[in-house]
Amino acid sequence: MSNQNVVSPDLIRQRFSRAMSDMYREEVPLYGALMALVAQTNAQVLEQDPAIARQLSATGEIDRLDLERHGAIRVGSASELATLCRLFAVMGMEPVGYYDLTPAGVPVHSTAFRAVHESALQISPFRVFTSLLRLELIADPELRAFAESVLARRSIFTAQALQLIDLAEQQGGLDEAQAQAFVEQALETFRWHHHATVTAAQYQQLSAQHRLVADVVAFKGPHINHLTPRTLDIDIVQAQMPAHGITPKAVIEGPPRRQCPILLRQTSFKALDEAIAFTDQQQASGSHSARFGEIEQRGAALTPQGRALYDRLLNAARDELQDFPNEANAERYNRLMHQHFEAFPDSYAALREQDLAYFRYFVTEQGRTAPAQALKGLSLDALLQAGFLRFEPLVYEDFLPVSAAGIFQSNLGDAAQTHYAQHSNQAAFEQALGRSTIDELGLYAQTQQRSLEECYAALNLPARN
Ligand code: OOG
Ligand code: NI
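Everything numeric in this text was worked out from a predicted model, so none of it was measured.

Each value, and the rule that gives it
- Residues numbered from 1 in each chain as written.
- Chains lettered and ligands numbered in written order.
- Predicted model: local features only at pLDDT ≥ 70, side-chain atom pairs only at ≥ 80, totals over all residues.
- Heavy atoms only, no water.
- Phe/Tyr/Trp six-rings, centres within 6.5 Å; stacked < 30°, edge-to-face > 60°.
- Helix = DSSP H or I, 4+ residues; strand = E, 2+ residues; numbered from the N terminus.
- Buried < 20%, exposed > 50% of the residue type's maximum accessible area, 1.4 Å probe, protein only.
- Near = heavy atom within 4 Å.
- Polar contact = N/O pair within 3.5 Å; in protein donor to acceptor, adjacent residues only side chain to side chain.
- Areas by Shrake-Rupley, 256 points an atom, 1.4 Å probe, with all protein chains shown as cover.
- Nonpolar A, V, L, I, M, F, W, Y, C, P; charged D, E, K, R; others polar.
- Pairing = 2+ DSSP bridges.

Asks: Help me get a handle on the packing of aromatic side chains, residues and values and all.
Replies: Scanning the entire structure with this criterion turns up 17 aromatic pairs. When the centroid spacing of 5.9 Å and the interplanar angle of 70° are considered together, the rings of Phe16 and Phe190 count as edge-to-face. Residue Phe16 is found in helix α1 (residues 9-27), and its partner Phe190 is found in the loop between α9 (176-188) and α10 (200-209); the two are separated by 174 residues along the sequence. Phe16 gets classed as buried once you look at its relative accessible area, which sits at 0%. Ring geometry for Trp192 and Phe219: centres 5.4 Å apart, planes at 35°, overall tilted.

Asks: Report on the site of ligand 1, specifying residues and quantitative values.
Replies: Around ligand 1 there are 13 residues in total, and His70, Arg74, His226, Gln266 and Glu294 lie nearest to it. Contact between ligand 1 and His70: an oxygen atom at 3.0 Å from a side-chain N or O atom of the residue. Glu294 is positioned with one of its side-chain polar atoms (N or O) 3.0 Å from an oxygen atom of ligand 1. Here ligand 1 loses 100% of its free accessible area of 320 Å² to cover by the protein chains. Broken down by secondary-structure element, the contributors of at least two residues to the shell around ligand 1 are β1 (69-75), β9 (292-298) and α19 (401-412). Of the residues belonging to the shell around ligand 1, the class tally is seven nonpolar, four polar and two charged.

Asks: Summarise the pairing of strand β4 (residues 127-133); cite the residues concerned and give the values.
Replies: Across the seven residues that make up β4, a large majority, seven, are buried. Because side chains alternate across β4, one face comprises the buried residues Arg127, Phe129, Ser131 and Leu133, and the other comprises Val128, Thr130 and Leu132, equally buried. Pairing of strand β3 (residues 108-114) with β4 involves six bridges; the strand directions are antiparallel. The partner of His109 across the bridge, within β4, is Leu132.

Here's what the structure looks like:
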C-alpha cells in the first residue's frame, strides 16, 4: 500500500475515542450527564480565570480539552493482553508505565496504552488503563483452574478485527475503508454484554474470591468500565455532583488542591447495578455492578525528584491518618494532605528552578526579534530572564498507582484488604504483553528536550543539553 493511502494512526485513535464515547454514553446515561457537567464547569473556569485560558491556548491544550478522556479495561490472560497490545498499536498507542496494584489488595497489574509523542498526544490524548488479572493469586486451585478454563474458551476479538490487525502490521497501516472497519470492529471488544458466560452459582464463587475476578472471568469480553473526561476544576465538579444525582467517592485521589496543579487528581462514582442473565437463567435476573464514572484534573508532569517528593508527602499524610481515606475521616485526610504538601513548592518558577517538574519552552516575540548579539552565550536561565523564552508545564499523561487503587476499591465496594504474598512482577507482565513497557519519565524528558532544541534552532543558537 502506498503511504499516501494510509490513514494516520493518530486519526484512527481520535475516531476510536469518539466512537467509544458515543457507545458508552448510550450504555451509561450517567456518563452523558457527567460530560455535560464537566463541559459546563470547564467553560466557567475558562471565563473566570483568564490565566488558565491563556495557558491552555499557549500550549494548544485548549483544542484537545473536549476530546480528552481515558478509559479502563481488565483482561484475563496473557494472549488477550498481547493481542490488545497489537490492536492499540494500530491506533498509535503504546504501553506506558507499569502499575502494581497488589499492595492495595487488587489482584492485577496494569499499564496505560497511549500515544507517546507530544504531536500525537495533541491530536488525541486518549488513554486506556489496562489491567491483567493475576490468576496465580487465586488461592483455591480448583477455582483457579475453572477461571482459566472459562477464559481459555472465550475470544474477545471479532474475526474481522484480528484480520485487520494482521493487515495493518503487514501493510504498515490501514487505508480509509479499512480504518473505518477497524474502528467498528475494535469497538466490539469493549461492549457491555447482558449475558454472563457462567452460571449464577459459578458467578457467586468467583465473586467470593474477589469481585474483580468475577468481573473479568464471567463475561464475554473486557467491557469498558469507565470513561473519564478531564475537568479544569475537580473540586467544583465534586461539589456539584450530588445536585446532579451523582454520589462521588469520599475523597479526591492524588495531590491536594494547589495554585499550580501537579500530576493527577481523580474522583469517581458508582454506577448502578446492571441486570445480567447467567447461563442457567432465561432472563436477566442477576446483577453486577461493573461500570462507573470518573473525572480527572491533570497538572504538571513531575521529574523523578518531584515524583519522589510527591510519594514521600503522600505517604506521610496517609501514615498519619493511619487508615484508608473514607467518609468518616475525609475531612481529616484533606487537612493532613494540605499540611504535608506545604512542603511542595507551588509556583511554576520554583518547580522549574528546583527541577521538580517538566516544561515546554517557547520563543517569545522579544526573542524572535532580538539581535543575534543579544542572545549569544546566554544560558537557559538567562534567556528566560531576558524574556526571550518562556515556559509552560508539560501535562501529566499517566496514572498514579495509589490513586488507581483508591478508584478500584471505591468501585469494587470492597474495603476489605486482601494481603497478597506476591508483589510487583513487571517481567511477567511484559512477557504476557509481548514487549516491554515504556518508562513514562523518559518520554517527558524527551519532550522537554525537543522543545528546548526547537527554541535554540529558532534563535539560531547552538543545540545543548
Ligand atoms: C481501573 C482503575 C484505575 C484510574 O484512572 O486510575 C483507573 C479499573 O477499575 O479497571 O481507572
Ligand atoms: Ni480511571
